[in-house]
Amino acid sequence: MGLILAFGARASFAGEDPAPANPISFDPAAVQFTRGLENRERFRFTFAAKYRKGAKRLVYVAGNHTHGLDGPNLKTVKKMFDDLAPQAVLVEGFQTVNEYSYRSIDVDRFTRDRFADTGESGYAVYLAAKKALPVLGGEPPPKEFLEIQAEGFDWKDVLGYLSLRMIPLYKKAGDVADDPTLTADAFRSNVERELKADRRALDLDERFGYAEFAAWYRERHPGGPQLQKIVFNDLGAKSDPDATSIERLALALEKIRERRFILQLETLANRYDRILVVYGGSHLCRERKMLERVFGKPKDVKPY
């Protein structure tokens with residue numbers, strides 16, 4: 001899928017600490033999905049939250065998905081990486097197969113034009129690779145998303161939303177139909193390409209092209225913004241009583257992502273003392289209560 005890169009397996013955890021007698025665990029029930037969490041933050045993304053409990057240090061970079069080495073997003077990742085000297089890294093947008101490794105990825109391709117096409121997660125992977133550090137991707141295997149069918153959704157909802165969430169990224173890249181330099185066909189081609197990739201990842205043989213996708217969206221979100229004008233705020237996972245059907249769908253999918261994130265974080269927290277987490281800022285907002293129950297309140301910093 002468009003946002004997910006897969007890591008290969010690694011046979012061992014070189015230099016890891018032995019399993020602790022009292023393992024760290026996180027409570028998924030403490031994760032919040034209520035509206036307006038971002039507005040409660042002292043800083044706007046990008047910033048970092050520094051947690052500490054005894055010998056354990058966790059630094060969580062709350063990124064904003066912008067690219068390029070000269071902007072505050074990647075600069076913040078670099079500073080937190082250098083300050084913490086992490087022993088392991090956990091990133092959004094990457095899927096770990098079996099254990100963890102960056103070795104199946106050509107990280108040097110991230111450097112093109114001063115990381116012009118690389119966001120905070122890819123940059124963190126690059127920095128970790130150059131230090132030969134273990135990396136975990138926080139994304140679940142795509143087929144796990146189909147578990148929401150037990151909650152009354154169907155495979156069209158999974159496929160539709162996974163492709164829907166790519167649209168704001170097309171806008172950032174200038175690849176939207178209402179851009180006067182492009183035609184509607186350019187937008188349609190991007191969506192078709194994403195749908196094809198997502199069908200393959202989900203192992204779905206059913207026909208579901210652009211026409212079916214557009215019809216699904218109109219049915220799921222009548223009165224919603226035009227497809228080409230969708231922004232990230234339209235797609236957030238919300239548990240509020242007034243949540244839209246898309247927000248309720250996002251919630252079901254995000255809970256599966258959150259489950260995998262917690263599993264990966266527990267894996268690292270019980271093996272290493274210094275962990276760098278690099279995710280979009282909205283994830284930190286929803287996970288604050290959960291993290292504070294284990295580590296206490298963090299020190300928030302915004303170096304740029």
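Residues numbered from 1 in each chain as written. Predicted model: local features only at pLDDT ≥ 70, side-chain atom pairs only at ≥ 80, totals over all residues. Heavy atoms only, no water.

### Some words on the overall build of the protein chain
For the protein chain, the count of helices and strands is nine helices and seven strands. Burial status across the protein chain gives 53% buried among its 304 residues. Sequence separation of at least 24 residues holds for 79% of the intrachain contacts in the protein chain that already meet a minimum separation of 6. (Helix = DSSP H or I, 4+ residues; strand = E, 2+ residues; numbered from the N terminus. Buried < 20%, exposed > 50% of the residue type's maximum accessible area, 1.4 Å probe, protein only. Contact = heavy atoms within 4.5 Å.)

### A closer look at the pattern of salt bridges
If charged atoms from side chains of opposite charge come close, those side chains can pair. All told, the structure shown has 24 salt bridges when counted by the stated rule. For Arg293, the salt bridge goes to Asp27, with nearest N and O atoms at 3.2 Å. Taken together, the positions of Arg293 in helix H9 (residues 281-295) and Asp27 in the loop between strand E1 (5-7) and strand E2 (47-53) put the pair 266 residues apart, joining distant regions of the chain. On the basis of relative accessible area, Asp27 is assigned to the partly exposed category, the value being 35%. Taking the shortest distance from any N to any O, the salt bridge between Asp117 and Arg112 comes out at 1.7 Å. (Salt bridge = Lys/Arg side-chain N within 4 Å of Asp/Glu carboxyl O.)

### Thoughts on the packing of helix H4 (residues 155-164) against helix H8 (residues 245-269)
Here H4 crosses H8 at 95°, and the two axes come no closer than 11 Å. Between H4 and H8, the angle is such that the two are roughly perpendicular. Residues Asp157, Val158, Tyr161 and Leu164 of H4 pack against Ile246, Leu249, Ala250 and Leu253 of H8. In the contact of H4 with H8, the residues fall into seven nonpolar, no polar and one charged. (Axes fitted to C-alpha atoms, helices over the stretch in contact; angles between N-to-C directions. Parallel < 35°, antiparallel > 145°, perpendicular 65-115°, else oblique. Nonpolar A, V, L, I, M, F, W, Y, C, P; charged D, E, K, R; others polar.)

### Observations regarding the packing of H8 against H9
The contact between H8 and H9 brings their axes to 13 Å, and the two run at 55°. The orientation of H8 relative to H9 falls into the category oblique. Where H8 crosses over H9, the two elements pack in a sense that is right-handed. Along the contact surface, H8 presents Glu254, Arg257, Glu258, Phe261, Ile262 and Leu265, while H9 presents His283, Arg286, Glu287, Met290 and Leu291. When the residues that make up the contact of H8 with H9 are grouped by side-chain class, the tally is five nonpolar, one polar and five charged. (Left-handed = near helix turned anticlockwise from the far one by under 90°.)

### Examining the confidence of the model for the protein chain
When the pLDDT values of the protein chain are averaged, the result is 89; 87% of them are 70 or greater. This model gives residues 177-182 a pLDDT under 50, and the stretch forms eleven contacts once residues within four places in sequence are excluded. (pLDDT = per-residue confidence, 0-100.)

### A look at unusual backbone geometry
Note the cis peptide between Phe45 and Thr46, where omega equals 15°. Of note in the backbone geometry, Ala85 takes a positive phi value of approximately 50° without being a glycine. Here Ala85 shows up in the loop between helix H1 (72-84) and strand E4 (88-96). Unlike most non-glycine residues, Phe115 shows phi in positive territory, near 60°. By secondary structure assignment, the location of Phe115 is in helix H2 (residues 112-115).

### A look at the nonpolar core
Here is a general trend for soluble globular proteins: nonpolar side chains tend to be buried in one another's company. Counting 64 residues, the largest nonpolar core has Tyr60, Leu164 and Leu227 as its most contacted members. The dominant element in this core, judged by the number of residues it contributes, is H8, at twelve residues. Every residue in contact with Leu164, bar those within four places of it in the chain, is listed here: Phe213, Trp216, Tyr217, Leu227, Ile230, Leu235 and Ile246. In this structure, Ala48, Leu74, Met80 and Leu84 belong to the second largest nonpolar core, which totals 27 residues. (Core = buried A, V, L, I, M, F, W, Y, C linked by side-chain atoms within 4.5 Å.)

### Thoughts on the pairing of strand E6 (residues 274-280)
For E6, the tally of buried residues reaches six of seven residues, placing the bulk of the element in the interior. Two strands pair when backbone bridges link them, and E4 and E6 are joined in this way by four bridges, in the parallel orientation. Bridge pairing links Val91 to Val278 in E6. (Pairing = 2+ DSSP bridges.)

### Section: the environment of Asp157
Tracing the chain through its elements places Asp157 in helix H4. For Asp157, a relative accessible area of 4% puts it in the buried group. Taking C-alpha positions, Asp157 is 7.4 Å from Leu249, a pair spaced 92 residues apart along the chain. Setting aside anything within four residues of it in sequence, one finds Asp157 in contact with Trp216, Arg220 and Leu249. At 2.9 Å, the side chain of Asp157 and the side chain of Trp216 are in polar contact. (Polar contact = N/O pair within 3.5 Å; in protein donor to acceptor, adjacent residues only side chain to side chain.)

### Focus: helix H7 (residues 210-220)
Of the residues making up H7, those classed as buried are Tyr210, Phe213, Ala214, Trp216 and Tyr217. Projection of H7 onto a plane perpendicular to its axis shows the buried side chains occupying an angular sector of 160°, all on one side. Exposed residues lying more than 90 degrees from the buried face of H7 are Arg218 and Glu219. (Arc of directions from axis to C-beta.)

### A short note on the packing of aromatic side chains
Counting across every chain of the model gives 13 aromatic pairs. Ring centres of Phe115 and Tyr126 lie 5.1 Å apart, and the angle between their planes is 70°; this geometry places the pair in the edge-to-face category. Taken together, the positions of Phe115 in helix H2 and Tyr126 in helix H3 (residues 120-130) put the pair eleven residues apart, joining distant regions of the chain. Exposure remark for Phe115: the relative accessible area of 6% places this residue in the buried category. (Phe/Tyr/Trp six-rings, centres within 6.5 Å; stacked < 30°, edge-to-face > 60°.)

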